[in-house]
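Here's the letter readout for the chains.
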Amino acid sequence: MIFTDTHTHLYSEEFDIDRDEMMQRAINAGVTRFFIPAIDSSCIQKMYDLETKFPENVFLMMGLHPTYVKDNYIDELQIVEQELASRKFVAIGEIGIDLYWDKTHLNEQQITFRRQIQLAKQYKLPIVIHCREAFDEIFEILEEEKSSDLFGIFHCFTGTYEQALQAISYNMKLGIGGVVTFKNGKIDQFLDKIDSKHIVLETDSPYLAPIPFRGKRNESAHVTLVAKKLAQIYNVTFEEIARITTENSKAVFGI
């Protein structure tokens, strides 16, 4: 039984004291595939170090996270392009628009999101989308950029049923994490209407820990708690969720 964590920030400083132990806990729990999103240039070397240490388990993305889009975004985008030209990555991510913290750089976020979608098409890679209070803005750009070669994951999906269907219409799978276990998470109320071929598992660790760890540091082993909740929602076995979601992740990332 193999679980895949399609979104985990293993390089986070929150893991500096026990990263190896945290990784071993996940592997012992059957979580053996870890997909690592970039946020900006500051994390790149840490990502490479992880890949070197866990070459059979760690797979890297490249991208500029929307909350890290600042006045120097052009410089950061150039670094993304340089890295993409220098080696292979499994996706462009995480990219998107975030209007929760700060709307100051909305225009720059839109430019950056669009440019990275174009890079994904150029390199024939999936995108991994970060969306917070920005569904309309994200969908507007996806509508303009949609094509048969644009696909990926709507990371940490927390939208409505209608928004889920719209995301799926753009060849996106829904990244389901700890929010599905929250009493006020809401997505558990309609997920059974979404075919399981459209979902993948994620933690977004060290953030968004599922019940009963909500509010504490999240880690990749907890993806199994998300899987248990999904097994209840879909009325299938725990093992079946592991199989389906790992197959779905392979369909996105190609590995």
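About the criteria used
- Residues numbered from 1 in each chain as written.
- Predicted model: local features only at pLDDT ≥ 70, side-chain atom pairs only at ≥ 80, totals over all residues.
- Heavy atoms only, no water.
- Salt bridge = Lys/Arg side-chain N within 4 Å of Asp/Glu carboxyl O.
- Helix = DSSP H or I, 4+ residues; strand = E, 2+ residues; numbered from the N terminus.
- Buried < 20%, exposed > 50% of the residue type's maximum accessible area, 1.4 Å probe, protein only.
- 1 Å grid on protein atoms, 1.4 Å probe; cavity = no way out; pocket = protein on both sides within 12 Å on 5 of 7 lines; lining within 4 Å.
- Points joined across faces, edges and corners; volume = space filled by probe spheres on them.
- Nonpolar A, V, L, I, M, F, W, Y, C, P; charged D, E, K, R; others polar.
- Pairing = 2+ DSSP bridges.
- Axes fitted to C-alpha atoms, helices over the stretch in contact; angles between N-to-C directions.
- Contact = heavy atoms within 4.5 Å.
- Expected span 1.5 Å × (residues − 1).

## Side note on the pattern of salt bridges
Part 1 of the reasoning: What the rule picks out here adds up to 14 salt bridges.
Part 2 of the reasoning: The closest approach of N and O atoms between E144 and R114, which form a salt bridge, is 2.8 Å. Within this pair, whereas E144 is found in helix α5 (residues 135-145), its partner R114 is found in helix α4 (residues 106-123), the two being separated by 30 residues in sequence.
Part 3 of the reasoning: Among the ionic pairs, E219 bridges to R217, the shortest N-O distance being 3.4 Å.
Part 4 of the reasoning: Take E219: its relative accessible area is 8%, and that puts it in the buried class.
Part 5 of the reasoning: Judged by its relative accessible area of 24%, R217 is partly exposed.
Part 6 of the reasoning: What you see here is one network of salt bridges that share partners, running through D18, R25, R217 and E219.

## Examining empty space enclosed by the protein
Part 1 of the reasoning: Applying the stated criterion to the full structure yields one cavity of 30 Å³ or more.
Part 2 of the reasoning: The calculated volume of the largest cavity comes to roughly 30 Å³.
Part 3 of the reasoning: Around the largest cavity sit C156, G177, G178, V179, E202, T203, D204 and L208, which together line it.
Part 4 of the reasoning: Residue composition of the lining of the largest cavity, grouped by class: three nonpolar, three polar and two charged.

## Thoughts on the sheet that holds strand β5 (residues 127-132)
Note on sheets: strands pair through backbone hydrogen bonds, and any given pair is parallel or antiparallel.
Part 1 of the reasoning: Taken together, eight strands build an open sheet; the order of strands is β1-β2-β3-β4-β5-β6-β7-β8 and the sheet is parallel. Looking at the sheet topology across the chains shown, the edges are occupied by β1 (3-5) and β8 (199-201). Within the sheet, the average angular offset between the axes of one strand and its neighbour, ignoring direction, is 30°.
Part 2 of the reasoning: With three bridges joining them, β5 and strand β6 (residues 152-154) adopt parallel strand pairing. If you follow V128 over to β6, its bridge partner there is I153.
Part 3 of the reasoning: In this fold α4 packs onto β4 (91-98) and β5, with an angle of close to 155° to the strand it touches most, β4.

## As for the layout of surface pockets
Part 1 of the reasoning: Within this model, the largest pocket holds a volume of roughly 850 Å³.
Part 2 of the reasoning: Residue lining of the largest pocket: 30 residues in total, with H65, H130, R132, D204 and Y207 positioned closest to the centre.
Part 3 of the reasoning: It is β5 that contributes the most residues to the lining of the largest pocket, three residues altogether.
Part 4 of the reasoning: Across the lining of the largest pocket, the residue classes tally to 11 nonpolar, 10 polar and nine charged.
Part 5 of the reasoning: Around the second largest pocket, the lining residues are Y11, E13, D16, R19, D20, K46, D49, L50, K53 and F54.
Part 6 of the reasoning: Of all elements in the fold, only α1 (19-28) and α2 (44-53) reach the threshold of two or more residues within the lining of the second largest pocket.
Part 7 of the reasoning: In terms of residue count, the dominant contributor to the lining of the second largest pocket is α2 (four residues).

## Some words on helix α8 (residues 238-253)
Part 1 of the reasoning: Taking 1.5 Å of rise per residue, 16 residues should cover 22 Å, and α8 covers 23 Å from first to last C-alpha, within 8% of that figure.
Part 2 of the reasoning: Phi turns positive, to about 80°, at G254, one or two residues after α8.

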